[in-house]
Number of protein chains: 2
Amino acid sequence: MRIAILGGTGDIGQGLALRWAYDTDHEVLIGSRDPERARTATEEYETELDSHGVERKINGFANEMAADRADVVVLAVPPYHVGDTVESVAGKLDEGTVLVTPAVGMNGDDDGLHYHPPKAGSVTELVADRAPDGVPVVGAFHNLAADRLANLDLELEVDTLLVGDDEDPKETVRLLADGIEGLRVLDAGPLANAAEVESVTPLLINIARYNGDLHDVGIEFH
Amino acid sequence: MRIAILGGTGDIGQGLALRWAYDTDHEVLIGSRDPERARTATEEYETELDSHGVERKINGFANEMAADRADVVVLAVPPYHVGDTVESVAGKLDEGTVLVTPAVGMNGDDDGLHYHPPKAGSVTELVADRAPDGVPVVGAFHNLAADRLANLDLELEVDTLLVGDDEDPKETVRLLADGIEGLRVLDAGPLANAAEVESVTPLLINIARYNGDLHDVGIEFH
């Protein structure tokens with residue numbers, strides 16, 4: 001499979017890129033608004049992988065070009081850029097491309113972080129609203145601690161939750177996620193259930209803040 | 001410690017009553033709007049404990065009388081009864097009583113359950129708004145599967161999250177929760193962080209629905 005990670009120079013993008021390159025044979029493309037930044041990031045990722053004994057070629061592109069070449073497009077951009085990013089690559093997406101969204105809207109105050117969804121109900125549903133007709137959207141990878149994901153020396157041993165309305169694209173993302181070692185995939189139902197998934201992210205950050213012995217907190221359901 | 005479980009005839013109340021009676025020496029009082037129902041429930045709980053080799057006396061009362069006698073009052077009532085229940089026992093609460101709220105507002109549709117907080121932002125904050133001045137409120141036990149809690153043959157091995165603005169009452173509830181075997185207590189910060197804790201409950205129910213091998217789902221953070 002060919003996976004484009006748009007915003008692949010950011011922290012969650014880096015983690016997904018490293019894990020897929022390290023654990024699987026999928027081809028990873030890094031997208032950025034600035035193709036030069038994308039290429040700089042891919043060099044860093046290749047060096048990191050090389051230091052773990054894995055020689056992989058990762059290519060960097062402008063977001064549009066990365067999306068054009070991919071079977072799966074991951075929107076690893078901040079929540080306030082998600083809508084614009086979907087629009088910027090819309091012409092490159094078709095019914096054969098699966099759009100994956102891990103972003104979460106949050107705001108903070110002195111007490112902690114709070115879930116702050118867009119009017120669509122969740123960022124995942126906002127992406128579904130903005131995606132071209134027929135392009136399937138799956139929410140995934142919302143609740144992963146970026147630093148833990150990007151550190152190949154750490155075992156994950158956490159769960160990630162999928163939401164989506166269509167079974168085939170959900171199965172595609174399930175297979176991609178299953179390929180990452182230590183990541184268990186659970187189904188949280190249709191897109192309408194995305195808010196309950198996204199709102200775990202500020203909770204994890206609050207728990208890390210208020211419990212001194214927990215860092216880069218992940219979640220397991222059982 | 002003397003713990004009154006208001007709505008202690010319901011499913012989460014039953015689970016907490018059984019676990020505290022089985023695992024600790026705390027005195028457990030069952031409250032109900034109907035004292036006769038409370039007494040019937042205590043007989044059932046005593047029989048269940050007896051069948052597990054534990055002889056314990058549990059007393060049943062009207063909610064007001066249970067609250068009057070207790071150091072800690074748990075509002076194990078449905079979310080739409082929480083406000084009324086606090087008001088009905090308000091005269092029996094003082095600064096020495098800790099009010100504990102596990103209720104969560106949810107609604108459902110074909111897709112699943114969704115978090116549906118009251119205008120206060122969360123049920124926990126609604127309780128804090130309605131509690132008499134000076135009576136401390138702690139949110140806890142929101143995300144426990146009632147059937148698993150009430151089945152003494154099952155190991156819990158799950159986490160529960162505390163929210164509260166005052167350290168001493170939070171510490172009291174932490175000790176009570178720590179007394180239940182297999183329950184780990186984590187701090188999720190002040191009352192303002194309650195919504196992110198409460199919204200995990202519909203998520204757990206959705207996960208149980210969409211993953212055939214998971215029932216009475218609990219959560220662990222690590």
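Model, not experiment: these values are computed from the prediction.

Caption draft 1: Structural view of the overall build of chain A. A tally of regular secondary structure across chain A gives 9 helices and 11 strands. Here the C-alpha atoms of chain A give a radius of gyration of 16 Å, agreeing with the 17 Å that 2.2 N^0.38 yields for 222 residues. Seen through its principal axes, chain A has C-alpha atoms that stretch 40 × 40 × 30 Å. By residue count, 53% of the 222 residues in chain A fall in the buried class.

Caption draft 2: Structural detail: the relation of the copies chain A and chain B. Superposition record for chain A on chain B: RMSD 0.0 Å, screw rotation 180 degrees, translation along axis 0.0 Å. The transformation relating the two chain copies, once decomposed into turn and shift, fits a two-fold axis. Among all residues of chain A, the one whose C-alpha sits closest to the rotation axis is Glu220 of chain A, at a distance of 2.6 Å. Here 100% of the interface residues in chain A have copies in chain B that are interface residues too; the copies meet face to matching face.

Caption draft 3: Structural detail: the interface of chain A and chain B. Facing the 30 residues of chain A at the interface are 30 residues of chain B. When contributions to the side of chain A that touches chain B are tallied by element, the ones reaching two or more residues are strand S7 (113–115), strand S10 (183–187), helix H8 (194–198), helix H9 (200–210) and strand S11 (219–221) of chain A. Residues that form the side of chain A that touches chain B fall into these classes: 16 nonpolar, 9 polar and 5 charged. When S11 of chain A meets strand S11 (residues 219–221) of chain B, the two strands line up antiparallel, connected through 3 bridges. Among the inter-strand pairings, Ile219 of chain A is bridged to a residue of S11 of chain B, identified as Phe221 of chain B.

Caption draft 4: A look at the environment of Ser32 of chain B. All names here are of chain B. Within the secondary structure, Ser32 is located in strand S2 (residues 27–32). For the pair Ser32 and Asp216, spaced 184 residues apart in sequence, the C-alpha separation works out to 25 Å. Setting aside residues no more than four positions away along its own chain, Ser32 makes contact with Gly7, Gly8, Thr9, Arg37, Ala38, Gly60 and Asn63.

Caption draft 5: Focus on the sheet that holds strand S9 (residues 158–164) of chain A. All names here are of chain A. If you trace the 8 strands from one edge of the open sheet to the other, you get S3-S2-S1-S4-S5-S8-S9-S10, paired in mixed fashion. A single partner strand is all that each edge strand has here, and the edge strands are strand S3 (59–62) and S10. Going from strand to strand, the sheet's axes swing by 30 degrees on average, the running direction of each strand aside. Note: strand S8 (residues 137–139) against S9, 2 bridges, orientation antiparallel. Looking across to S9, one finds that Val138 is bridged to Gly164. Here helix H4 (residues 79–89) sits on the sheet in contact with strand S1 (2–6), strand S4 (72–75) and strand S5 (98–101), set at roughly 150 degrees to S4.

Caption draft 6: Layout of the nonpolar core. One finds Val73 and Leu75 of chain A together with Val73 and Leu75 of chain B to be the most contacted residues of the largest nonpolar core, which totals 150 residues. Not counting the four nearest positions on each side in its chain, Val73 of chain B is found in contact with Ala4, Leu6, Ala67, Val89, Leu93, Thr97, Leu99 and Val100 of chain B.

Caption draft 7: Main features of the pairing of S5 of chain A. Residue and element names in this part refer to chain A. Across the two faces of S5 the burial is the same, with Val98 and Val100 and Leu99 and Thr101 all buried. Note: S4 against S5, 3 bridges, orientation parallel. Across the sheet, the residue bridging to Val72 is Val98, located in S5.

Caption draft 8: Highlighting helix H4 (residues 79–89) of chain B. All names here are of chain B. Along H4, the residues that are buried comprise Pro79, Val82, Thr85, Val86 and Val89. One side of H4 holds all its buried residues, which, seen down the axis, span an arc of 100 degrees. When the buried face of H4 is taken as reference, the exposed residues oriented beyond 90 degrees from it are Tyr80, Asp84 and Glu87. If you follow the buried residues of H4, they end up packed against strand S1 (2–6), helix H3 (63–69), strand S4 (72–75), strand S5 (98–101) and helix H5 (123–130).

Caption draft 9: Up close: the sheet that holds strand S10 (residues 183–187) of chain B. Residues and elements named next belong to chain B. Reading across the sheet, the 8 strands line up as S3-S2-S1-S4-S5-S8-S9-S10 and stay open at both edges, with mixed pairing between neighbours. Two strands lie at the open edges of the sheet, namely strand S3 (59–62) and S10, each paired on one side alone. The sheet shows a mean angle of 30 degrees between the axes of neighbouring strands, taken without regard to direction. Against the sheet, H5 contacts S4, S5, strand S8 (137–139) and strand S9 (158–164), and its axis sits at roughly 150 degrees relative to S5. Its contacts with the sheet place helix H7 (residues 167–178) against S1, S4, S5, S8, S9 and S10, and it is angled at close to 165 degrees to S9.

Caption draft 10: Structural detail: the packing of H4 of chain B against H5 of chain B. Residues and elements named next belong to chain B. In the contact formed by H4 and H5, the axes pass within 9 Å of each other and the chain directions differ by 15 degrees. By the angle class used here, H4 and H5 are roughly parallel. In this structure, H4 crosses over H5, and the sense of that crossing is right-handed. For the pair H4 and H5, contact is made by Pro79, Val82, Gly83, Val86 and Glu87 and by Val123, Leu126, Val127 and Arg130, respectively. Of the residues contributing to the contact of H4 with H5, the split by class is 6 nonpolar, 1 polar and 2 charged.

Caption draft 11: Quick look at the confidence of the model for chain A. Averaged over all residues, the pLDDT of chain A equals 97, while 100% of them reach at least 70. As a predicted assembly, this complex carries a pTM of 0.96 together with an ipTM value of 0.95.

Caption draft 12: Structural detail: the pairing of S3 of chain B. All names here are of chain B. Pairing of S2 with S3, which is carried by 4 bridges, proceeds in the parallel orientation. Pairing of Ile30 across the sheet is with Gly60, part of S3. Traced from S2 through helix H2 (residues 35–51) to S3, the parallel crossover comes out right-handed.

Caption draft 13: Spatial organisation of the packing of helix H1 (residues 11–23) of chain B against H2 of chain B. All names here are of chain B. Remark: H1 packs on H2, axes separated minimally by 10 Å, with the N-to-C direction vectors making an angle of 45 degrees. The angle between H1 and H2 places the two elements in the oblique class. As H1 runs across H2, the sense of the crossing is right-handed. Facing Gln14, Ala17, Leu18, Ala21 and Tyr22 of H1, the residues of H2 in contact are Tyr45, Glu48 and Leu49. Considered class by class, the residues forming the contact of H1 with H2 number 6 nonpolar, 1 polar and 1 charged.

Rules of the game
- Residues numbered from 1 in each chain as written.
- Chains lettered and ligands numbered in written order.
- Predicted model: local features only at pLDDT ≥ 70, side-chain atom pairs only at ≥ 80, totals over all residues.
- Helix = DSSP H or I, 4+ residues; strand = E, 2+ residues; numbered from the N terminus.
- Rg over C-alpha atoms; globule rule 2.2 N^0.38 Å.
- Buried ≥ 20, exposed ≤ 12 C-beta atoms within 10 Å, placed from the backbone.
- Least-squares fit on C-alpha atoms with pLDDT ≥ 70 in both.
- Contact = placed C-beta atoms within 7 Å.
- Nonpolar A, V, L, I, M, F, W, Y, C, P; charged D, E, K, R; others polar.
- Pairing = 2+ DSSP bridges.
- Axes fitted to C-alpha atoms, helices over the stretch in contact; angles between N-to-C directions.
- Core = buried A, V, L, I, M, F, W, Y, C linked by C-beta atoms within 7 Å.
- Arc of directions from axis to C-beta.
- Parallel < 35°, antiparallel > 145°, perpendicular 65-115°, else oblique.
- Left-handed = near helix turned anticlockwise from the far one by under 90°.
- pLDDT = per-residue confidence, 0-100.
- Right-handed = clockwise from strand over helix to strand, strands pointing away.

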